[in-house]
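In case you want the letters, here they are:
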Protein chains: 2
Amino acid sequence: MHDQIHPPHRLLMGPGPINADPRVLRAMSAPLVGQYDPAMTGYMNETMALYREVFRTANEQTFLVDGTSRAGIEAALVSLLEPGDRVLVPVFGRFGHLLAEIAERCAAEVHTIEVPWGEVFAPEQIEAAVREIRPKVVAVVQGDTATTMCQPLADLGDICRRYGALVYCDATASLGGNDFRTDAWGIDVVTAGLQKCLGGPSGTAPITLGPRAVEVIEARRHVEAGIRDDGDVARGRRIASNYFDLAMIMDYWGERRLNHHTEATSALYGARECARLLVAEGLDAAVERHRLHGAAMLAGVQALGLSVFGNLDHKMHNVVAVCIPEGVDGDRARAGMLEDYGIEIGTSFGPLHGKVWRIGTMGYNARTDAVLVTLAVLEQVLRAAGASPTPGAGVGAAREVYADV
Amino acid sequence: MHDQIHPPHRLLMGPGPINADPRVLRAMSAPLVGQYDPAMTGYMNETMALYREVFRTANEQTFLVDGTSRAGIEAALVSLLEPGDRVLVPVFGRFGHLLAEIAERCAAEVHTIEVPWGEVFAPEQIEAAVREIRPKVVAVVQGDTATTMCQPLADLGDICRRYGALVYCDATASLGGNDFRTDAWGIDVVTAGLQKCLGGPSGTAPITLGPRAVEVIEARRHVEAGIRDDGDVARGRRIASNYFDLAMIMDYWGERRLNHHTEATSALYGARECARLLVAEGLDAAVERHRLHGAAMLAGVQALGLSVFGNLDHKMHNVVAVCIPEGVDGDRARAGMLEDYGIEIGTSFGPLHGKVWRIGTMGYNARTDAVLVTLAVLEQVLRAAGASPTPGAGVGAAREVYADV
């Protein structure tokens, strides 16, 4: 017989998932209510209002998709894209490839442009591609944890409007820890996840849809047999997924409360708490907190003699890619940190595999003690692996960053 | 500022979701670990083993889809079906229509046969349709909460094998509370949800895939760009969804641990606990418990002078459809139960809308006290609505059922 759940103590300092805020886990353990209970629909409405603040938007259509962040991406793309539609994906890391892959499965005509890992696009590069390709949708990641880069997006809405394209952004890795402005930047659709800067567990994908995107989706409205009424005339080409049909999900979260899936109540409690805590802290304060602890971690690893991957002008606040020193077995060092000290840092994908560790400072773990203990342990692990970091240098450099505040 | 989550006390005696077992909610509040932490992959393997017992199968490919029960249905159908494939859906309630709708979105050629609500199919009816239509897949619900009927399935595997068809079954509403035998009945793919007899919250869809289904899905294997290696040759027609691509999800749960989504850790903790409790009780004992409390509820409502919808020879153990007496305002009575007594019973869909209440006895709420308090309150509510139930008759009849054990 298996025992009850009893995970080992871990400090999760990788690129996410990170330790969920204990208040979020506590919220998730609240008793359930029925899916049309006034208490439940009230919580759904509050969750919509809270995520409008998190996304910095006035979009009515702001709600949750019941699945991981990848589910949010697929819901956005499959609801917007019809077979043959042109999509432009600026790829600057692994998650751009994921957007392209999902768009391909929607049978869209997918065009990509790429910059080397560790760089981001200049607005002119994106504009030139939009002008040439004339896509229906430009799909872009804000922060790609594979490279730690944060793509500037402030000009993207204007560029796309000039050429009649919609902008979709996957802000999973960045939202809450880096500046993001849905309305000010003119982003039509944004999706996220809880397991990075929002401080919750994976499994829920917040989404917001602006009026131009809603219009495209409403033009494909096909209410399910068994719950439609006489006014529900089928329109346009049916969305290729039922579960991810955002027109139906809008009807479930909206006034009509048309049955679709059965909302994942515990997950909603958690998502609501993530947003509640962030809004209480203030979005600007949360971004500043991530900036500060990210700067302390960066200074610390550099003071330990480690070099850092990528263009630091465009690094996300919440993750740093640390080059593994020559002669150090990266996987063995990571395993040692986990087994001996209970601290997890991240490995890497693709061209960076085996070359960098990814160290995160995000969500609940964007905290001074989490940064200092990670640096203290990293020093020990480097020394055990044969490197010669200056004793106390990592912790000292981080402390200086904190002292400057 | 919104307050922390604080739902009202509810006894959820509708067709599901029901109150989650407190032990499941407690498991979900355990701290997170990293997605490739040996503790996490260990819990994933244990979860697979536990659900093999719940599904009564030896299928290696038994795991979780990260979404509600509807996500499990879509994952099964979109991974099995290619455009133009023939599917047969025997429809005996709302959820048969849902299977047909999802299969249509997979661009399959969907054939349905129907019996009136309140009835089930005889094996010969299904066999005749299979012989005529020669489908690739027969997709059927075991228990449809819309009608409370439980479709006999013991002959279905043999029938389908004779004609070369695969059998997919949605056991969301029935699994754990009614006999279900994946291997003995020859069912190729089964999906479920936690929010009915398994005693958990909605948001996770257990699935099991037999060898014949795995072969079909493996023949459509396309490993995602960025994580594939040289041996990963793309095969067959790519599955139309990335999130629901069961070939990739098998690689994530299997030895290769290829990155796909980020497993919803808290949800997995909950799903594991649901199965752990059920396996500790014993599957036969759990089914018997649901039979007993279902019989007590049935006897109770009948003794209150209420008639019951559907063919009682085929009623699921865990839900009963109670005809709303003439002159009683069904929605008002339900609202009164919820507001004054904190007890939720269910409304109905489609042809039964406004005609029956659906009362559940499942999962954590398949308990004597839950049955007796519901009957005691129902008597009060009926009397307040102008009906004349015999005082104490409902509770008395249920007590007699319990006394017979």
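A.B. asks: Looking at this model, I keep getting lost on the packing of aromatic side chains. Mind explaining?
C.D. replies: The geometry of an aromatic ring pair comes down to the distance between the two centres and the angle between the two planes. Evaluation of the coordinates by the stated rule reveals 17 aromatic pairs over all chains. A centroid spacing of 5.7 Å and a plane angle of 65° characterise the contact between Y243 of chain A and F244 of chain B, whose relative ring orientation is edge-to-face. Taken together, the positions of Y243 of chain A in the loop between α7 (211-218) and α8 (246-253) and F244 of chain B in the loop between α7 (211-218) and α8 (246-253) put the pair across two chains. What links up through ring pairs into an aromatic cluster is the set Y243 and F244 of chain A together with Y243 and F244 of chain B. Just above the ring of F349 of chain B sits the side chain of R94 of chain B; from NZ or CZ to the centre is 4.4 Å. Above the ring of Y364 of chain B, the side-chain terminus of R367 of chain B is found at 4.7 Å from the ring centroid.

A.B. asks: I keep staring at unusual backbone geometry and nothing clicks. Help me out?
C.D. replies: Leave glycine aside and you will find that most residues have negative phi; peptide bonds, for their part, are mostly trans. In this structure, the amide linkage connecting G16 of chain A to the following residue, P17 of chain A, adopts the cis form with an omega of 0°. Even without a glycine there, the phi angle at T148 of chain A is positive, about 75°. The phi dihedral of R257 of chain B falls on the positive side, at around 50°, and the residue is not glycine. With respect to the helices, strands and loops of the structure, R257 of chain B is situated in the loop between α8 and α9 (265-281).

A.B. asks: Help me out: how do you make sense of empty space enclosed by the protein in this one?
C.D. replies: Any space left empty among the atoms is revealed by the rolling of a water-sized probe across them. Applying the stated rule across the entire model yields four cavities of 30 Å³ or more. What the largest cavity holds in volume is close to 190 Å³. Those elements that provide at least two residues to the lining of the largest cavity are α9 (265-281) of chain A together with α9 of chain B. Of the residues forming the lining of the largest cavity, the biggest block, three residues, is contributed by α9 of chain B. Across the lining of the largest cavity, the residue classes tally to ten nonpolar, eleven polar and two charged. Reported here for the second largest cavity is a volume of approximately 50 Å³. Looking at the second largest cavity, the residues that line it are F121, P123, I126, Q151, P152, L153, D155, L156 and I159 of chain B. For the lining of the second largest cavity, the secondary-structure elements that each account for two or more residues are α5 (123-133) and α6 (156-162) of chain B. For the lining of the second largest cavity, the per-class residue count stands at seven nonpolar, one polar and one charged.

A.B. asks: Which parts of the structure should I look at to understand the sheet that holds strand β8 (residues 166-170) of chain B?
C.D. replies: Either a parallel or an antiparallel arrangement is found when strands of a sheet pair, and the pairing is made through backbone hydrogen bonds. All names here are of chain B. The strand order across the open sheet formed by seven strands is β2-β10-β9-β8-β5-β3-β4, and the pairing between neighbours is mixed. Either end of the sheet is taken by a strand with one partner, and the two such strands are β2 (61-65) and β4 (109-114). Taken over all neighbouring pairs, the strand axes of this sheet differ in orientation by 20° on average, direction set aside. Relative to strand β10 (residues 205-209), strand β9 (residues 189-191) runs antiparallel, the two being bridged by three bridges. By the bridge assignment, T191 is partnered in β10 with I207. Taken strand by strand, helix α2 (residues 38-55) contacts β2, β9 and β10, and its axis lies near 105° from that of β2. Against the sheet, α5 touches β3 (86-91), β4 and β5 (137-141), its axis set at about 160° to β3.

What counts and how
Residues numbered from 1 in each chain as written. Chains lettered and ligands numbered in written order. Predicted model: local features only at pLDDT ≥ 70, side-chain atom pairs only at ≥ 80, totals over all residues. Heavy atoms only, no water. Phe/Tyr/Trp six-rings, centres within 6.5 Å; stacked < 30°, edge-to-face > 60°. Helix = DSSP H or I, 4+ residues; strand = E, 2+ residues; numbered from the N terminus. Lys NZ or Arg CZ within 6 Å of the ring centre and 35° of its normal. 1 Å grid on protein atoms, 1.4 Å probe; cavity = no way out; pocket = protein on both sides within 12 Å on 5 of 7 lines; lining within 4 Å. Points joined across faces, edges and corners; volume = space filled by probe spheres on them. Nonpolar A, V, L, I, M, F, W, Y, C, P; charged D, E, K, R; others polar. Pairing = 2+ DSSP bridges. Axes fitted to C-alpha atoms, helices over the stretch in contact; angles between N-to-C directions. Contact = heavy atoms within 4.5 Å.

Geometric descriptors of this kind do not, in isolation, establish any biological role.
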